[in-house]
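Residue-level listing of the chains:
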Amino acid sequence: MIEVSHLTKRYGNHLAVDDLNFTVENGVVYGFLGPNGAGKSTTMNILTGCLAATSGTVTIDGYDIFDNPTEAKRRIGYLPELPPLYVGMTVREYLTFVARAKGVSGKEQEAQLERVMDVTGTTEVADRLIKNLSKGFRQRVGIAQAILGDPAVVILDEPTVGLDPIQIIEIRDLIHELGKEHTVILSSHILSEVQAVCDQILIINRGKLVACGEPQSLEEQFAGEATYKLTVKASAADAERALKSVEGVQKVEAQEGAEGRCSLTVTVSDLSEEMDERLSFAMSDRRIPVLRLEREQASLEDVFLTLTAQAEAEAQTQEKRGRKSWFKSESKKTAEAPTPAADENEKEAEQ
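Predicted model, so just to flag it, every value in this text is computed and none were measured. (Residues numbered from 1 in each chain as written. Predicted model: local features only at pLDDT ≥ 70, side-chain atom pairs only at ≥ 80, totals over all residues. Heavy atoms only, no water.)

Bringing the overall build of the protein chain into the picture now. In terms of regular secondary structure, the protein chain is built from twelve helices and 14 strands. Looking at the protein chain as a whole, 41% of its 351 residues are labelled buried. Restricting the contact set of the protein chain to residue pairs at least 6 apart, pairs at least 24 apart contribute 67%. Accessible area for the protein chain stands at about 18,800 Å²; split by element, carbon and sulfur atoms hold 47% of it. (Helix = DSSP H or I, 4+ residues; strand = E, 2+ residues; numbered from the N terminus. Buried < 20%, exposed > 50% of the residue type's maximum accessible area, 1.4 Å probe, protein only. Contact = heavy atoms within 4.5 Å. Areas by Shrake-Rupley, 256 points an atom, 1.4 Å probe, with all protein chains shown as cover.)

Here you go:
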């Protein structure tokens, strides 16, 4: 559906998007993640044709956003971080205006207005001025304008920013419904939100793509080692002996508790589901009752922090190398430059 190839954007000396490449498949909800200043909003503005690129290409359903912007934009609905609302209009007036701007008219216009207001839950406020609506309803109106014209791709930049917990849940449910009929690209700083609604995740840092994949796949890929929390009815010494004999167990930390119980933290290198069984069987072989067995693994937040930290460290290393190369080059030029005295000697020799 979307092909991004060697996309680059510079603002003067600042490189906001750095040779970005990725593909967006049809009918998938994508989470677009990155720290502040990573280039997310810049990339989204380029994808929607709101901003020109320095170099590279973006195609939407086969149409180049720069060479054929009209056809490409027909296939995109966009909600910027600040919804483009005319607050002096009613919801119906505003959506009618947007529908006309998108070329939707006649009977189709009325049908689409009713549909998008029904989908976004704004029918009840259709005749109220937008300026009198809550933040949550304004976001809903912003999403309604984005899906007018039935675009194949819906791009949402921080759709839940500034909302209360109830409103966030409502918008999250709405995005989930949109994903059934549209390809959705969602930018958000709320990782739990991305994990709840997204099928695929794109993570960028300093304008570069650092990871792409399913949330669970990324968690497993960067888990490294998993940790189990156990509560058993035995002494710490007996429990430790039982667990240290299990294949894949790297470390066991035990703490005595009340009523003959102990709590254990077990670090393992084997991330397969069989490890749960091995730990249980090790305890049952020693006739030790297991009261609790929980597995803790790298969360999406852990993956995000790890990847962005690695990318930041690599970028800083490259910057240092670049500065060293520049200093060496300048030092060489200075050393090779003739001194005034040498110039005079050369002139005398020529005479």
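There is more to say after this.
To continue, consider the packing of helix α5 (residues 135–147) against helix α6 (residues 165–178). Across the interface, α5 lies against α6 with an axial gap of 10 Å and an inter-helix angle of 15°. When the interaxial angle is binned, α5 and α6 end up roughly parallel. Read as a crossing pair, α5 and α6 show a hand that is right-handed. Across the interface between the two elements, Gly136, Gln139, Arg140, Ile143 and Ile147 of α5 pack against Gln167, Glu170, Ile171, Leu174 and Leu178 of α6. A per-class count over the contact of α5 with α6 returns five nonpolar, three polar and two charged. (Axes fitted to C-alpha atoms, helices over the stretch in contact; angles between N-to-C directions. Parallel < 35°, antiparallel > 145°, perpendicular 65-115°, else oblique. Left-handed = near helix turned anticlockwise from the far one by under 90°. Nonpolar A, V, L, I, M, F, W, Y, C, P; charged D, E, K, R; others polar.)

The strand order across the open sheet formed by four strands is β2-β1-β4-β5, and the pairing between neighbours is antiparallel. The open sheet has two free edges, formed respectively by β2 (14–24) and β5 (63–64), since each of these has just one partner strand. Its contacts with the sheet place helix α1 (residues 40–47) against β1 (2–11), β2 and β4 (55–60), and it is angled at close to 120° to β1. (Pairing = 2+ DSSP bridges.)

Turning our eyes to something else, we now look at the packing of helix α9 (residues 236–244) against helix α10 (residues 274–285). Packed helices, taken two at a time, are described by the angle between their axes plus the distance between the axes. Axis separation between α9 and α10 bottoms out at 9 Å; the angle between their running directions is 130°. Here α10 runs oblique to α9, going by the angle between their axes. Viewed along their axes, α9 and α10 form a crossing whose handedness is right-handed. Between α9, through Ala239, Ala242 and Leu243, and α10, the contact on the second element is made entirely by Leu279, Ala282 and Met283. By residue class, the composition of the contact of α9 with α10 is six nonpolar, no polar and no charged.

Below, the discussion takes up the sheet that holds strand β13 (residues 262–268). Ordered in space as β12-β13-β11-β14, the four strands form an open sheet in which the pairing is antiparallel. Both outer strands of the open sheet, β12 (249–256) and β14 (290–296), are each paired with one neighbouring strand and no more. With direction set aside, neighbouring strand axes in the sheet form an average angle of 15°. In this structure, strand β11 (residues 226–232) lies alongside β14, joined through six bridges in antiparallel fashion. Note that in β14 the partner of Lys229 across the bridge is Glu294. Running at roughly 170° to β12, α9 makes contact with β11, β12 and β13 of the sheet.

The subject of this paragraph is the packing of aromatic side chains. Inspection of every chain in the model, using the stated rule, returns three aromatic pairs. A centroid spacing of 6.2 Å and a plane angle of 45° characterise the contact between Phe22 and Phe32, whose relative ring orientation is tilted. Placement of the pair is Phe22 in strand β2 and Phe32 in strand β3 (residues 29–33), with a sequence separation of ten residues. Judged by its relative accessible area of 7%, Phe22 is buried. Measuring from centroid to centroid gives 5.5 Å for Tyr86 and Phe97, while their planes differ by 65°, and the two rings are edge-to-face. Linking Tyr86 in the loop between β6 (76–79) and α3 (91–101) with Phe97 in helix α3, this pair joins segments that are eleven residues apart in sequence. (Phe/Tyr/Trp six-rings, centres within 6.5 Å; stacked < 30°, edge-to-face > 60°.)

The next subject is the nonpolar core. Of all hydrophobic cores here, the largest spans 41 residues; its most connected members are Val91, Leu95 and Leu156. Excluding its chain neighbours within four sequence positions, the residues that come into contact with Val91 are Met117, Val125, Ala126, Arg128, Ile130, Leu133 and Val141. (Core = buried A, V, L, I, M, F, W, Y, C linked by side-chain atoms within 4.5 Å.)

For the rest of this paragraph, the subject is the confidence of the model for the protein chain. Counting all residues, the mean pLDDT for the protein chain is 85, and 82% of those residues have values of 70 or more. Looking across the protein chain, the model is least confident in helix α12 (residues 340–350), with a mean pLDDT of 54, and most confident in α3, with 96. (pLDDT = per-residue confidence, 0-100.)

As a further point, take α1. With six of eight residues buried, α1 lies mostly within the body of the structure. Burial in α1 covers these residues: Lys40, Thr42, Thr43, Met44, Ile46 and Leu47. Following α1 by one or two positions, Gly49 adopts a phi angle in the positive range, close to 80°.

This part covers the environment of Met89. For Met89, the location among the structural elements is in the loop between β6 and α3. Distance in space between the C-alpha atoms of Met89 and Arg128 is 8.2 Å, their sequence separation being 39 residues. If we skip the residues at most four places from it in the chain, Met89 touches Tyr94, Phe97, Arg128, Leu129 and Ile130.

Turning our eyes to something else, we now look at the side chain of Gln167. Note that Gln167 resides in helix α6. On the basis of relative accessibility, which here comes to 15%, the residue Gln167 falls in the buried class. Not counting the four nearest positions on each side in its chain, Gln167 is found in contact with Ser134 and Gly136.

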